[in-house]
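# Inside the fold
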Amino acid sequence: MQENIRYSIIVPMFNEQEVIEETYRRLRLVMDTLDEQYELLFVNDGSKDRTADIVKDLCREDANVRLLNFARNFGHQIAITAGMDHAQGQAVVVIDADLQDPPEVILEMIDKWKQGYDVVYGKRLERKGETMFKKWTAHLFYRLLKSMTSVDIPVDAGDFRLIDRKVCDVMKAMTEKNRYVRGLVSWTGFKQTFVEYTREERWAGVTKYPLRKMIRFAIDAIASFSYKPLKAAAYLGFILSAVSFIYILIVVYQKLFTDTTITGWSSIVAINLFFNGIMLIILGIIGEYIGRIYDETKGRPLYIIWERAGYEQESKPKTHAEQEDRYEAIR
């Protein structure tokens with residue numbers, strides 16, 4: 001690691017050709033005010049447009065710019081992980097390329113870091129340009145997650161944050177496949193605080209997190225930090241079994257001691273469908289956790305980098321597993 005690099009700014013990208021030059025311009029304006037060494041580390045997560053080519057041009061023009069080019073799309077959280085693996089700064093900032101998180105807030109984060117905080121995350125006071133549905137579901141998700149886990153994961157906070165070098169080194173020792181980075185940062189502990197800001201509308205382009213990906217992201221977060229869905233499935237199974245047993249006793253009593261006639265098959269079919277549906281939901285929850293165990297046992301690297309740009313000495317690209325060998329796990 002180059003000790004003279006003070007700050008590393010990690011920018012994950014996926015099809016951001018419309019905005020990436022403006023993102024670079026604003027990040028450079030902010031970082032140049034510090035009069036300290038920094039690097040802008042752009043991670044191209046398998047973009048299909050000209051995103052990578054634009055950043056390559058920036059690498060040739062600006063010695064502070066770096067590019068990691070994935071062999072394919074591995075996902076936003078994995079792109080952040082790759083950036084942390086390669087970041088050389090004493091303070092590491094993660095910010096998306098869409099400029100919804102204002103780069104100017106980085107200066108406030110750095111002030112907090114210099115006061116002794118190891119993690120400074122951005123807390124959203126307002127989310128401009130988003131639908132009421134997305135705001136409502138995000139509000140509900142953060143509070144549901146907080147209630148389901150013992151880890152103190154901040155509400156209304158995304159991946160936009162600054163972490164100290166020692167926190168970054170701890171993150172490198174975590175090799176789990178289904179990653180929820182903001183949760184992992186909270187799990188590490190250390191001295192944490194926040195800065196408040198207003199999240200702006202996307203500067204250009206379209207969101208890379210449609211509803212399908214948001215649902216997958218929420219499942220990753222809950223399954224990574226909570227076993228309560230499994231416990232809820234067990235409790236639900238017990239309650240339904242008790243209700244079923246009571247119903248059987250009622251049916252037997254009616255048959256032996258009353259003249260009540262049990263009519264029709266529709267009610268029986270409806271009850272069977274209901275219980276079968278519950279069973280399938282429970283099996284799906286169990287399958288989600290088993291699938292994660294399967295992912296962990298395969299031993300595949302988190303990502304593959306096939307090209308790097310902006311580095312003084314080009315070397316063979318390294319996977320996450322190869323990077324891990326360079327760092328001793330903190331026990």
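About the criteria used
- Residues numbered from 1 in each chain as written.
- Predicted model: local features only at pLDDT ≥ 70, side-chain atom pairs only at ≥ 80, totals over all residues.
- Heavy atoms only, no water.
- Helix = DSSP H or I, 4+ residues; strand = E, 2+ residues; numbered from the N terminus.
- Buried < 20%, exposed > 50% of the residue type's maximum accessible area, 1.4 Å probe, protein only.
- Contact = heavy atoms within 4.5 Å.
- Areas by Shrake-Rupley, 256 points an atom, 1.4 Å probe, with all protein chains shown as cover.
- Pairing = 2+ DSSP bridges.
- pLDDT = per-residue confidence, 0-100.
- Phe/Tyr/Trp six-rings, centres within 6.5 Å; stacked < 30°, edge-to-face > 60°.
- Lys NZ or Arg CZ within 6 Å of the ring centre and 35° of its normal.
- Core = buried A, V, L, I, M, F, W, Y, C linked by side-chain atoms within 4.5 Å.
- Salt bridge = Lys/Arg side-chain N within 4 Å of Asp/Glu carboxyl O.

Let us now look at the overall build of the chain. A tally of regular secondary structure across the chain gives 11 helices and eight strands. In the chain, buried positions account for 46% of the 331 residues. Across the chain, every contact between residues at least 6 apart in sequence was considered, and the portion connecting residues at least 24 apart equals 81%. When the accessible area of the chain is evaluated, it comes to approximately 17,800 Å², of which 58% is carbon and sulfur surface.

What follows is about the pairing of strand β1 (residues 7–13). Taken across its seven residues, β1 has seven buried, putting it largely inside the fold. What you see with β1 is no split at all: Tyr-7, Ile-9, Val-11 and Met-13 on one side and Ser-8, Ile-10 and Pro-12 on the other are buried throughout. Examined bridge by bridge, β1 and strand β2 (residues 38–44) share seven bridges and lie parallel to one another. Following the sheet pairing, Pro-12 is matched in β2 by Val-43.

Our next topic: the confidence of the model for the chain. Mean pLDDT over the chain: 76, with 67% of residues reaching 70 or higher. Within the model, pLDDT remains below 50 along residues 313–331, and this stretch shows 30 contacts once partners closer than five positions in the same chain are excluded.

Take the packing of aromatic side chains next. Working definition: an aromatic ring pair is given by the centre-to-centre distance plus the angle between the planes. According to the stated counting rule, one finds five aromatic pairs in the structure shown. With centroids separated by 5.4 Å and ring planes inclined at 90°, the aromatic side chains of Phe-70 and Phe-74 adopt a geometry described as edge-to-face. Residues Phe-70 and Phe-74 agree in their burial class; the two are buried. A connected cluster of aromatic rings, assembled from ring pairs, spans Phe-70, Phe-74 and Tyr-303. Sitting over the face of the ring of Phe-74, Arg-72 holds its NZ or CZ atom 4.0 Å from the ring centroid.

Below, the discussion takes up the nonpolar core. Within the largest apolar cluster, 33 residues are counted, with the highest numbers of intra-cluster contacts made by Ile-9, Met-31, Leu-40, Phe-42 and Ile-106. With residues near it in sequence (within four places) discarded, Leu-40 still touches Ile-9, Tyr-24, Leu-27, Met-31, Asn-64, Val-65 and Arg-66. If you look at the next biggest cluster of nonpolar residues, it comprises 28 residues, including Val-43, Ile-80, Met-84 and Leu-302.

Enumeration over the complete set of coordinates arrives at 14 salt bridges. Between Arg-6 and Glu-36 there is a salt bridge whose closest N-O contact spans 3.3 Å. You can see Arg-6 sitting in the segment before β1 and its partner Glu-36 sitting in the loop between α1 (20–32) and β2, a full 30 residues away along the chain. On the accessibility criterion, Glu-36 (27% relative accessible area) is partly exposed. Taking the shortest distance from any N to any O, the salt bridge between Lys-166 and Asp-164 comes out at 3.3 Å. With relative accessibility at 12%, the residue Asp-164 sits in the buried group. In the salt-bridge network here, residues are joined through shared partners; they are Arg-6, Glu-36 and Lys-114.

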